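Listed here are the chains, written in short residue letters.
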Amino acid sequence: GENVEQHPSTLSVQEGDSAVIKCTYSDSASNYFPWYKQELGKRPQLIIDIRSNVGEKKDQRIAVTLNKTAKHFSLHITETQPEDSAVYFCAARMGNQGGKLIFGQGTELSVKP
Amino acid sequence: ETGVTQSPTHLIKTRGQQVTLRCSSQSGHNTVSWYQQALGQGPQFIFQYYREEENGRGNFPPRFSGLQFPNYSSELNVNALELDDSALYLCASSITGGSQYFGPGTRLTVL
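Since we're looking at a predicted model, the values are computed, not measured. (Residues numbered from 1 in each chain as written. Chains lettered and ligands numbered in written order. Predicted model: local features only at pLDDT ≥ 70, side-chain atom pairs only at ≥ 80, totals over all residues. Heavy atoms only, no water.)

Q: Could you give an account of the overall build of chain B, naming the residues involved and the relevant values?
A: For chain B, the count of helices and strands is zero helices and eleven strands. Listed N to C, the secondary structure of chain B is β-β-β-β-β-β-β-β-β-β-β in terms of helices and strands. Considering only C-alpha atoms, chain B reaches an extent of 40 × 30 × 20 Å along its principal axes. In chain B, buried positions account for 50% of the 111 residues. Restricting to contacts in chain B with at least 6 residues of sequence separation, those with at least 24 account for 52%. When the accessible surface of chain B is summed, it comes to about 5,300 Å², and 48% of that surface belongs to carbon and sulfur atoms. (Helix = DSSP H or I, 4+ residues; strand = E, 2+ residues; numbered from the N terminus. Buried < 20%, exposed > 50% of the residue type's maximum accessible area, 1.4 Å probe, protein only. Contact = heavy atoms within 4.5 Å. Areas by Shrake-Rupley, 256 points an atom, 1.4 Å probe, with all protein chains shown as cover.)

Q: Hey, could you go over the packing of aromatic side chains for me, with residue numbers and the actual values?
A: Here the structure, examined in full by the defined rule, presents 13 aromatic pairs over all chains. Ring plane angle 70 degrees and centroid distance 5.6 Å describe the contact between B:Tyr35 and B:Phe45, whose orientation is recorded as edge-to-face. Residue B:Tyr35 is found in strand E4 (residues 31-37), and its partner B:Phe45 is found in strand E5 (residues 44-50); the two are separated by ten residues along the sequence. Relative accessible area serves as the criterion here: at 4%, B:Phe45 is assigned to the buried category. Following the ring pairs from residue to residue traces out a cluster consisting of A:Tyr36, A:Phe89, A:Phe103, B:Tyr35, B:Phe45 and B:Phe102. (Phe/Tyr/Trp six-rings, centres within 6.5 Å; stacked < 30°, edge-to-face > 60°.)

Q: Give me the sheet that holds strand E3 (residues 19-25) of chain A: which residues, what numbers.
A: The pairing of strands in a sheet comes from backbone hydrogen bonds and takes either a parallel or an antiparallel form. Residue and element names in this part refer to chain A. Spatially, the five strands line up as an open sheet ordered E1-E3-E8-E7-E6, and their pairing is antiparallel. Either end of the sheet is taken by a strand with one partner, and the two such strands are strand E1 (4-7) and strand E6 (56-59). Each adjacent strand pair in this sheet contributes to an overall mean axis angle of 15 degrees, direction not counted. Note that E1 and E3 share four bridges and pair antiparallel. What sits directly across from Val4, in E3, is Tyr25. (Pairing = 2+ DSSP bridges. Axes fitted to C-alpha atoms, helices over the stretch in contact; angles between N-to-C directions.)

Q: Can you lay out the interface of chain B and chain A for me, pointing to particular residues and giving the numbers?
A: The interface of chain B with chain A comprises 24 residues on the first partner and 17 residues on the second. In this assembly, chain B packs against chain A so that about 1,600 Å² is buried in total across both faces, 48% of it on carbon and sulfur atoms. For the interface between chain B and chain A, the tally reads zero salt bridges. Viewed at the interface, chain A and chain B are joined by eight residue pairs in polar contact (both at pLDDT 80 or more). Mapped onto the side of chain B that touches chain A, the elements with two or more residues apiece are E4, E5, strand E6 (53-57), strand E9 (87-94) and strand E10 (101-102) of chain B. Classifying every residue of the side of chain B that touches chain A gives nine nonpolar, 13 polar and two charged. (Buried area = accessible area lost by both parts, 1.4 Å probe. Salt bridge = Lys/Arg side-chain N within 4 Å of Asp/Glu carboxyl O. Polar contact = N/O pair within 3.5 Å; in protein donor to acceptor, adjacent residues only side chain to side chain. Nonpolar A, V, L, I, M, F, W, Y, C, P; charged D, E, K, R; others polar.)

Q: How would you explain the nonpolar core if you had to name every residue and give the values?
A: Ranked by internal contacts, the top residues of the largest apolar core, which has 26 residues, are A:Trp35, A:Phe73, A:Leu75, A:Tyr88 and A:Leu109. Where this core is concerned, the elements lending two or more residues are strand E2 (10-14), E3, strand E4 (32-38), strand E5 (45-51), strand E7 (62-67), strand E8 (72-77), strand E9 (86-93) and strand E11 (107-112) of chain A. Residue contacts for A:Phe73: discarding those within four places in its chain leaves A:Ile21, A:Lys22, A:Cys23, A:Tyr25, A:Phe33, A:Trp35, A:Thr65, A:Leu66, A:Cys90 and A:Ala91. Listed in part, the 20 residues of the second largest apolar core include B:Ile46, B:Tyr49, B:Tyr89 and B:Leu108. (Core = buried A, V, L, I, M, F, W, Y, C linked by side-chain atoms within 4.5 Å.)

Q: Would you mind going over the environment of A:Gly106 in detail, with residue names and values included?
A: With respect to the element layout, A:Gly106 can be found in the loop between strand E10 (101-103) and E11. Once the C-alpha coordinates of A:Gly106 and A:Gln45 are considered, the two residues, 61 residues apart in sequence, prove to be 13 Å apart.

And the structure:
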């Protein structure tokens, strides 16, 4: 069935370190993979996304990699800052179902100063 | 912040009642998707509207229904409310096939 698994569920790093969050998806027809950051009590904010014809995308301190063969994609945050602390969600768009996004369970990232 | 707005911000209802939530999409966007987010979980897709018609639906019963209007705004209606319907309801607007941008959500509490 449709599923996105996300790990780890919690992640604690020191300011300046890197953070990596990993997701796997089940539907091989999935073609679009966004990442959202959600601070407490706020809306999910799109931070980066990647399409299935690209293997890697970078935006300043944030990068996403995609391995279609393994059905696996990852978020990399370098030089972490306390304001990066939030819950991060990965998602996959199901290939044949319009705009339906299937979300992972989330990773609570804590960046300690 | 995105240009997506939702109303109301908070809502308290009792079991069996009906509720209508509203969403205004970002300028230039023609597609609205609705999600339910329970506490501590990722958003769950309810359905999507494009050109005023439902364009995909998740695993939600028929008592969850929606509308899209010619100005691309949308409503989510839930009938016969159950305690488990308590959640944050998010709408997201996009152009067809494009990135989805979320509104601030409506927090629904069912007592």
